Amino acid sequence: MLEDLTVRIVTTLFYLISLLGVAVVTWGVAEAVIRFLTLLAGHRGAHAKLVRKTARIRERLGAHLLLALDIFIGADIIKSVISPAWEHIAMLGAVVLIRVVLSYFLEREMERTHQSAQSGRLSDHNGEGE
């Protein structure tokens, strides 16, 4: 009886936390699309300026995706409480590893994009404002 209640509570937590991760991804994608469409609709200026602003949108989307990946990892760890069998733990390890690798490369891409935008801003101070 107590075990069934624990499983139901942990399962509910898993789904709630996963739903939070989905909400973060959805929010980030919706925000990026709205910002990009607004940028395109009001774009009047140099191509370099458009590229810099698009890079900022990608940076912000990347931050949402990184946060969501961390939330999903947390949900998977909580789910492992329900099924501590070795096959489930191995699957959890593989999923966490894949998500950590994705997070690592996404973060590197964000840093690269940020550095490109910074260097572009530094070399683009010829009177053109943002």
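Placed above this text is the structure.
Residues numbered from 1 in each chain as written. Predicted model: local features only at pLDDT ≥ 70, side-chain atom pairs only at ≥ 80, totals over all residues. Heavy atoms only, no water.

S.K.: Let's hear about the overall build of the chain: which residues, and what values?
M.R.: Each helix and strand in the chain was counted, giving 3 helices and 0 strands. If you list the helices and strands of the chain from N to C, you get α-α-α. What you see for the chain is a C-alpha radius of gyration of 20 Å, clearly larger than the 14 Å of a compact globule of 130 residues, by over 25%. Considering only C-alpha atoms, the chain reaches an extent of 70 × 25 × 15 Å along its principal axes. Partitioning the contacts of the chain with sequence separation of at least 6, the portion at a separation of at least 24 is 81%. (Helix = DSSP H or I, 4+ residues; strand = E, 2+ residues; numbered from the N terminus. Rg over C-alpha atoms; globule rule 2.2 N^0.38 Å. Contact = heavy atoms within 4.5 Å.)

S.K.: Residue-level account of the packing of aromatic side chains, with values.
M.R.: Inspection of the entire model under this criterion finds 2 aromatic pairs. Here the aromatic rings of Phe 14 and Tyr 15 are separated by 5.1 Å at their centres, their planes lie at 65°, and the arrangement is edge-to-face. When its relative accessible area of 11% is taken as the criterion, Phe 14 is described as buried. (Phe/Tyr/Trp six-rings, centres within 6.5 Å; stacked < 30°, edge-to-face > 60°. Buried < 20%, exposed > 50% of the residue type's maximum accessible area, 1.4 Å probe, protein only.)

S.K.: Now, about the environment of Leu 102: what can you tell me, with residues and values included?
M.R.: Inspection of the secondary structure assignment puts Leu 102 in helix α3 (residues 86-123). For Leu 102, a relative accessible area of 47% gives the class partly exposed. In sequence terms Leu 102 and Leu 69 are 33 residues apart; their C-alpha atoms lie 8.4 Å from each other.

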